[in-house]
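# Close look at the chain arrangement
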Amino acid sequence: MSKAKGAVKLMSRFRITVPAAKAAPAPPLGPQLGQKGVNLGKFCKEFNERTAHIIDGAPLPTDVEVFSDRSYNMKIRTPTTTWFLFRAAGITKGADQCTREVVGRVNLKQVYEIAKVKQTTNIQMEMMPLQEVCDLIIRGAWGMGIEVYDETKEEMERGGA
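Residues numbered from 1 in each chain as written. Predicted model: local features only at pLDDT ≥ 70, side-chain atom pairs only at ≥ 80, totals over all residues. Heavy atoms only, no water.

### Some remarks on the packing of helix 3 (residues 81–89) against helix 5 (residues 130–144)
Between two packed helices, both the angle of their axes relative to each other and the distance between the axes serve to describe the pair. Axis separation between helix 3 and helix 5 bottoms out at 10 Å; the angle between their running directions is 70°. The angle between the axes of helix 3 and helix 5 places the two elements in the roughly perpendicular class. Between helix 3 and helix 5 the crossing geometry is right-handed. Every residue of helix 5 that contacts helix 3 at Thr81, Thr82, Leu85 and Phe86 is listed here: Ile137, Gly140, Ala141 and Met144. Looking at the contact of helix 3 with helix 5 residue by residue, the classes come out as 5 nonpolar, 3 polar and no charged. (Axes fitted to C-alpha atoms, helices over the stretch in contact; angles between N-to-C directions. Helix = DSSP H or I, 4+ residues; strand = E, 2+ residues; numbered from the N terminus. Parallel < 35°, antiparallel > 145°, perpendicular 65-115°, else oblique. Left-handed = near helix turned anticlockwise from the far one by under 90°. Contact = heavy atoms within 4.5 Å. Nonpolar A, V, L, I, M, F, W, Y, C, P; charged D, E, K, R; others polar.)

Below is the structure:
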């Protein structure tokens, strides 16, 4: 049994969350890639170049595949829905008791914008109707203690009172 010359085998596959445009060969990224034999400088430079247009520090889940010749593939995903909701609500932590405590508010327009981003970049959500994606985000917000409100409805109630 001889190996085919030039055959490259997948050695490892993992996911790591890296802040946008802030990859550095320090922990946690350095040790995780270093033990796989990946060139840290090259990885960090490529990651930072590919994420330069994204908001600094946005946590990006990144799928990394490392091959036997020490080359790699990386697939950078969008930030989590939780991050988008926290940012829109202006909070850093969800509620301890989500059904009894409201720690922030987002309007339906913000939910719609998050849904559009997630629908265009998430394989599982691509085929879902936008209404369903919005419903998922609203349920997620409720589970974190974030109230979702209809801005136009509130304006009409204020104007009519």
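### Things to note about the nonpolar core
Ranked by size, the top nonpolar core spans 17 residues in total, and within it Leu29, Leu33, Phe43, Phe47 and Val64 carry the most contacts. Counting only elements with at least two residues in this core, the list comes to strand 1 (10–19), helix 1 (29–34), helix 2 (40–50), strand 2 (59–67) and strand 3 (72–76). If we skip the residues at most four places from it in the chain, Phe43 touches Leu29, Leu33, Val38, Val64, Tyr72 and Met74. With 16 residues, the next largest nonpolar core counts Val106, Ala115, Cys134 and Met144 among its residues. (Core = buried A, V, L, I, M, F, W, Y, C linked by side-chain atoms within 4.5 Å. Buried < 20%, exposed > 50% of the residue type's maximum accessible area, 1.4 Å probe, protein only.)

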